[in-house]
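# Descriptive analysis of the structure
What follows is each chain in one-letter form.
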Amino acid sequence: AAALEKNATLTTLNLSDNGIGVEGGRALGAALEKNATLAVLILKSNRIRDQGVLALCQALKKNAALKELDLSQNTMSDQGGQAIASALAKNSSLSELRLEGIRLSRETWRRIAFAVAGKKAHFVLDCGIYIPGSGVVWDNNAWGEMLNEARLMLTYGALPVQRFPLFFCGYAGVGKTTLSFTLEGKAVPSDLPAHTHGVATRHVVIGGKKFSVWDYAGQMEYYATHEFFLLPASQAVFVICVRGDESIEKTTLQLEYWLRFIKCRIPRDASPADARPRVLLVVTHLDKLAVREAPQVKHAMDQEARAVRTSFYQYLDIDPEPILLNTLFTGPAESASLAALRAKLLAAHAAILTRNPQTPKVCVEVLAALNPLRRARRNCPVATVADCFSNHPGLTSATQQNILRCLHSLGEVFWLDRD
């Protein structure tokens, strides 16, 4: 490191797997503050940790020569990640940063995304997310979506997020649709079909908070298309309904089917600590059981809830206490159970809001323009890209795609990308 301070010819230095540790990171940081020629520094798998990263980031704020930095496979916490975000915001020379294998909270990744999105020149982050100056991100993973969102906020401003997706899943006849209306304090409309066909969507208000309800049909003929219409899961709340008057074996199979179904939509690179979707379990039709059978079913479902919470822990945040309901969701006991379910939904809403407090203002404006079209085409609410941006004719195609990706992840639209 001492030699690097004075070296005027070396342009690439690869120290991968050398175990330089925290002290090595500090020494390199001090050298980078004075070096004016090194363009590529590879520090993969070196146990640099937070203190070493902090020293390197302090140097990046002053260094104007380094163009590529690889910190992959170095354990760090949010302290190191936030230092990286701060350094990126001030550094003007770095054009490629690799953070493969780094596990940070969603909020820290968001800070890094904003720092990257604010750059005018080309930038490569992590494992090949390419961000040209036009704002196009050629990668659809979770962090790519964050970068899209961040660039839109920096360009068009931001507004608080108010509504998140609420998915109702379960087999036919479990009472999903009735429950969704009951939670809102409304009766099921008399003109509603006896069974949901495909996916029914609507906006609801539960306990003063807004949700976008996605009610998935329970008939088996729709299962093949459900995966197609399931949105990215990390920003959603799931309510899985099963019948308590069926055999425990059948109920368990149904529950685990839907949990596996949801798990498949978790981004592969999502951080388990803060991106697991909340899953609530509801057991209905308990009034169809004999009096002596109800406690047995409750005990069995409590055990199953604990079991699946453990087995799916890495991917899903499953509530350990199932909500028990009768067929029509009426009566004093039902009121207490429904109140408990509403409380769980509101807590989940608050948790998602903490992770995703803002959304691009332009997305809200586009959605407002779509609402009249949604009402006019109630039976078939399909819109073209031209419909979506009739009030924003000057947006580039790349920006339109980023807006639609953002609205898709919020559950406000289902966007069919031709690519």
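Attention in this report is confined to the structure presented alongside it.

What follows concerns the overall build of the protein. For the protein, the helix and strand inventory stands at 14 helices and 15 strands. Restricting to contacts in the protein with at least 6 residues of sequence separation, those with at least 24 account for 75%. For the protein, the computed accessible surface area is about 19,500 Å², with 54% contributed by carbon and sulfur atoms.

Phi at Arg47 takes a positive value of approximately 55°, unusual for a residue other than glycine. Looking at the element boundaries, Arg47 is found in the loop between β2 (40-42) and α3 (49-60). For Arg47, a relative accessible area of 53% puts it in the exposed group. Of note, Arg49 is a non-glycine position whose phi angle comes to about 60°, a positive value. By the secondary structure assignment, Arg49 is in helix α3.

Before going further, it helps to spend a moment on the environment of Lys119. With respect to the helices and strands, the residue Lys119 is situated in the loop between α5 (106-117) and β5 (123-125). For the pair Lys119 and Leu88, spaced 31 residues apart in sequence, the C-alpha to C-alpha distance is 8.8 Å. The contacts of Lys119, once residues within four sequence positions are left out, are Leu88, Asn91 and Arg151.

Attention shifts here to the side chain of Glu412. With respect to the helices, strands and loops of the structure, Glu412 is situated in the segment after α14 (397-409). Residue Glu412 is classed as buried on the basis of its relative accessible area, which comes to 7%. Separated by 2.7 Å, the side chains of Glu412 and Arg163 make a polar contact. The residues contacting Glu412, other than those within four sequence positions of it, are Arg163, His203, Ser212, Leu367, Arg374 and Leu407.

With 8 bridges connecting them, strand β9 (residues 199-206) and strand β10 (residues 209-216) associate as antiparallel partners. Within the sheet, the bridge partner assigned to Arg202 lies in β10 and is Val213.

So, on to the packing of aromatic side chains. What the rule picks out here adds up to 7 aromatic pairs. When the centroid spacing of 6.2 Å and the interplanar angle of 50° are considered together, the rings of Phe167 and Trp214 count as tilted. A residue pair is termed long-range when its members are at least 10 positions apart, and Phe167 in strand β8 (residues 163-170) and Trp214 in strand β10 qualify at 47 residues. On the basis of relative accessible area, Trp214 is assigned to the buried category, the value being 6%. Considering the side-chain rings of Phe167 and Phe238, the 4.7 Å spacing of their centres and the 20° angle between planes classify their relative orientation as stacked.

Now for the nonpolar core. Leu166, Leu179, Val239, Leu345 and Ile403 are the most contacted members of the largest nonpolar core, which totals 40 residues. With sequence-adjacent residues up to four places away left out, Leu179 is seen in contact with Phe168, Val239, Cys241, Val282, Leu325, Phe329, Leu338 and Leu341. Among the nonpolar cores identified, the runner-up in size contains 39 residues, and Leu41, Leu43, Leu88 and Leu99 belong to it.

Time to look at the pattern of salt bridges. If the charged atoms of two oppositely charged side chains come close together, the side chains can form a pair. Enumeration according to the criterion identifies 16 salt bridges in this entry. Measuring nitrogen to oxygen at the nearest pair gives 3.9 Å for the salt bridge that ties Glu100 to Arg98. The partly exposed category is assigned to Arg98, whose relative accessible area is 22%. Glu321 is the salt-bridge partner of Lys344, the closest N and O atoms lying 3.8 Å from each other. Residue Lys344 is found in helix α11 (residues 332-355), and its partner Glu321 is found in the loop between β13 (317-318) and β14 (323-324); the two are separated by 23 residues along the sequence. For Glu321, a relative accessible area of 52% gives the class exposed. Connected via shared salt-bridge partners are Arg278, Arg309, Asp317, Asp319, Glu321 and Lys344.

In this model α3 runs 17 Å from its N-terminal to its C-terminal C-alpha over 12 residues, within 8% of the 16 Å that 1.5 Å per residue would give. Among the residues making up α3, those that are buried are Asp50, Gly52, Val53, Ala55, Leu56, Cys57, Ala59 and Leu60. Those residues of α3 that are buried lie in contact with α2 (21-32), β3 (68-70) and α4 (78-90).

Most of β8 sits inside the fold, with 8 of its 8 residues counted as buried. Both β8 and β10 contribute to a ladder of 6 bridges, which runs parallel. In the sheet register, Phe167 faces β10, and the bridge partner there is Trp214. Across 5 bridges, β8 lies against strand β11 (residues 237-243) in parallel orientation. Looking at the pairing, Cys169 lines up with Ile240 of β11.

What follows concerns the packing of helix α7 (residues 176-183) against α11. Packing of α7 against α11 leaves a shortest axis separation of 11 Å and a crossing angle of 80°. By the criterion of interaxial angle, the relationship of α7 to α11 is roughly perpendicular. Judged by residue contacts, Leu179, Thr182 and Leu183 of α7 engage Leu338, Leu341, Arg342 and Leu345 from α11. Here the contact of α7 with α11 is built from residues that sort into 5 nonpolar, 1 polar and 1 charged.

Conventions adopted
Residues numbered from 1 in each chain as written. Predicted model: local features only at pLDDT ≥ 70, side-chain atom pairs only at ≥ 80, totals over all residues. Heavy atoms only, no water. Helix = DSSP H or I, 4+ residues; strand = E, 2+ residues; numbered from the N terminus. Contact = heavy atoms within 4.5 Å. Areas by Shrake-Rupley, 256 points an atom, 1.4 Å probe, with all protein chains shown as cover. Buried < 20%, exposed > 50% of the residue type's maximum accessible area, 1.4 Å probe, protein only. Polar contact = N/O pair within 3.5 Å; in protein donor to acceptor, adjacent residues only side chain to side chain. Pairing = 2+ DSSP bridges. Phe/Tyr/Trp six-rings, centres within 6.5 Å; stacked < 30°, edge-to-face > 60°. Core = buried A, V, L, I, M, F, W, Y, C linked by side-chain atoms within 4.5 Å. Salt bridge = Lys/Arg side-chain N within 4 Å of Asp/Glu carboxyl O. Expected span 1.5 Å × (residues − 1). Axes fitted to C-alpha atoms, helices over the stretch in contact; angles between N-to-C directions. Parallel < 35°, antiparallel > 145°, perpendicular 65-115°, else oblique. Nonpolar A, V, L, I, M, F, W, Y, C, P; charged D, E, K, R; others polar.

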